[in-house]
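Residue-level structural notes
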Amino acid sequence: GSNDVLQLSSAPFQMADDHAVVVGFNGTNVAGNSTLFEVGTGAGTTPRVCSMRINAGAVNTIWHDGTASLQSAAGTCVAGTPFVMSARKVGNNVRTRNNGVNGLLLSDPLAATTSTTAFIGNRDTFTFERANGNISAVVVMKATVSDADLALIERFVGSLQGQTL
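Residues numbered from 1 in each chain as written. Predicted model: local features only at pLDDT ≥ 70, side-chain atom pairs only at ≥ 80, totals over all residues. Heavy atoms only, no water.

**A word on the overall build of the protein chain**
The criterion, for reference: Where helices and strands are cited, they refer to DSSP runs of H or I of at least four residues and of E of at least two residues respectively, numbered from the N terminus. For this measure, only C-alpha atoms enter the radius of gyration; the expected value for a globule follows 2.2 Å times N^0.38, where N is the number of residues. For every residue, the accessible area (1.4 Å probe, protein chains only) is compared with the maximum for its type, and the residue is labelled buried under 20%, exposed over 50%, or partly exposed between those bounds. By definition, residues are in contact when any of their heavy atoms lie within 4.5 Å. Surface accessibility in these figures is a Shrake-Rupley result with a 1.4 Å probe; residues are shielded only by whichever protein chains are displayed. Asp and Glu are treated as the negative residues and Lys and Arg as the positive ones, with His and the ends of the chain left uncounted. For the purpose of locating charges, the reference atoms are NZ of Lys, CZ of Arg, CG of Asp and CD of Glu.
The number of helices and strands found in the protein chain is 1 helix and 12 strands. The helix and strand sequence of the protein chain, counted from the amino end, reads β-β-β-β-β-β-β-β-β-β-β-β-α. Against the globule reference of 15 Å for 165 residues, the protein chain gives a C-alpha radius of gyration of 14 Å, in line with a compact fold. A principal-axis box enclosing the C-alpha atoms of the protein chain has dimensions of 40 × 35 × 25 Å. Counting all 165 residues of the protein chain, 49% fall into the buried class. Sequence separation of 24 or more characterises 68% of the internal contacts of the protein chain that already satisfy a separation of 6 or more. Summing over all exposed atoms, the protein chain offers an accessible surface of approximately 7000 Å²; the carbon and sulfur share of this is 51%. If the 10 positive side-chain charges of the protein chain are averaged to one point and the 11 negative ones to another, these points end up 3 Å apart.

What follows is the structure, encoded as C-alpha cells:
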C-alpha cells in the first residue's frame, strides 16, 4: 500500500506497561521516514509510546515521555527485501530487534504516560510518514515477553512473508 492506515480503537498499552510489538514489513521506499506502528497521545505530538519506524533505511524505535526519549536502533533495511522488526520494553529497559538481531539495549525510567491512540502504517495525522509497502503482520503484546518467546513470534511473523529467521 501507499496510503492505507489502520487506527486502532484504543491504545493497547501504556508507557508503564511491559510490552512487545512485532511487525513484518517489505518496503517499496525506505529512504524517508516510515512509521510501521505507533502508540501515542494523538495529533502527532509527544509523548510517543513505542513508535516503530524506518528513518533513511535505519530501523529504530522511539519511546518518548514528553521530556526524555530513548531511541533504540537495530541495523538497516533495504527496499524490496522483507524484514521483521520488533520492539520490547521490560521495566526500564527497551530494545529494538531487526530479523532477530538485537539492537542497542537502553535503560532509563520514563515517566508514566497516558496513551490515547494507536496506528498501524502511520503516526497520527502525519501523512508524510506513511509506510509504503506491505505490512504482513503486526503482533501487539501487553506483557513481559522473554527472549525465547519473542524469537518464536518473530519467526512466525517472518514465515507469513516467506522469511526464515
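Now that the structure has been shown, the text picks up again.
**What about the environment of Val101?**
Relative to the elements of secondary structure, Val101 occurs in strand β9 (residues 101-102). Its relative accessible area of 55% is what places Val101 among the exposed residues. Along the primary structure Val101 and Ala74 are separated by 27 residues, whereas in three dimensions their C-alpha atoms are 7.3 Å apart. Each residue touching Val101, except ones within four places of it in the same chain, is listed here: Ala74 and Thr96.

**Structural notes on the nonpolar core**
Inclusion rule: Throughout, nonpolar core names a set of buried Ala, Val, Leu, Ile, Met, Phe, Trp, Tyr and Cys residues whose side chains join them through atoms within 4.5 Å.
One finds Leu36, Phe37, Met52 and Phe83 to be the most contacted residues of the largest nonpolar core, which totals 27 residues. With 4 residues, strand β4 (residues 48-55) is the single largest residue contributor to this core. In this view, Phe83 contacts Val23, Gly24, Phe25, Leu36, Ile54, Val59, Cys77, Asn98, Asn99, Gln161 and Gln163; residues no more than four positions away in its chain are not counted. Within the second largest apolar cluster, 9 residues are counted, among which are Val84, Met141, Ile153 and Val157.

**Considerations on helix α1 (residues 147-160)**
Under the convention used in this document: Every helix has an expected span of 1.5 Å times one less than the residues it contains. As used here, the arc belongs to the directions running from the helix axis to the C-beta atoms.
For α1, built from 14 residues, the straight-helix expectation of 20 Å at 1.5 Å per residue is met to within 8% by its first-to-last C-alpha distance of 20 Å. Here α1 has its buried residues at Leu150, Ala151, Ile153, Glu154, Val157 and Gly158. Down the axis of α1, the buried side of the element spans an arc of 165 degrees, and every buried residue falls inside it. Away from its buried face, by an angle of more than 90 degrees, α1 presents the exposed residues Ala148 and Leu152. Where the residues of α1 are buried, they touch β2 (19-27), β7 (83-90), β8 (93-98) and β12 (133-141).

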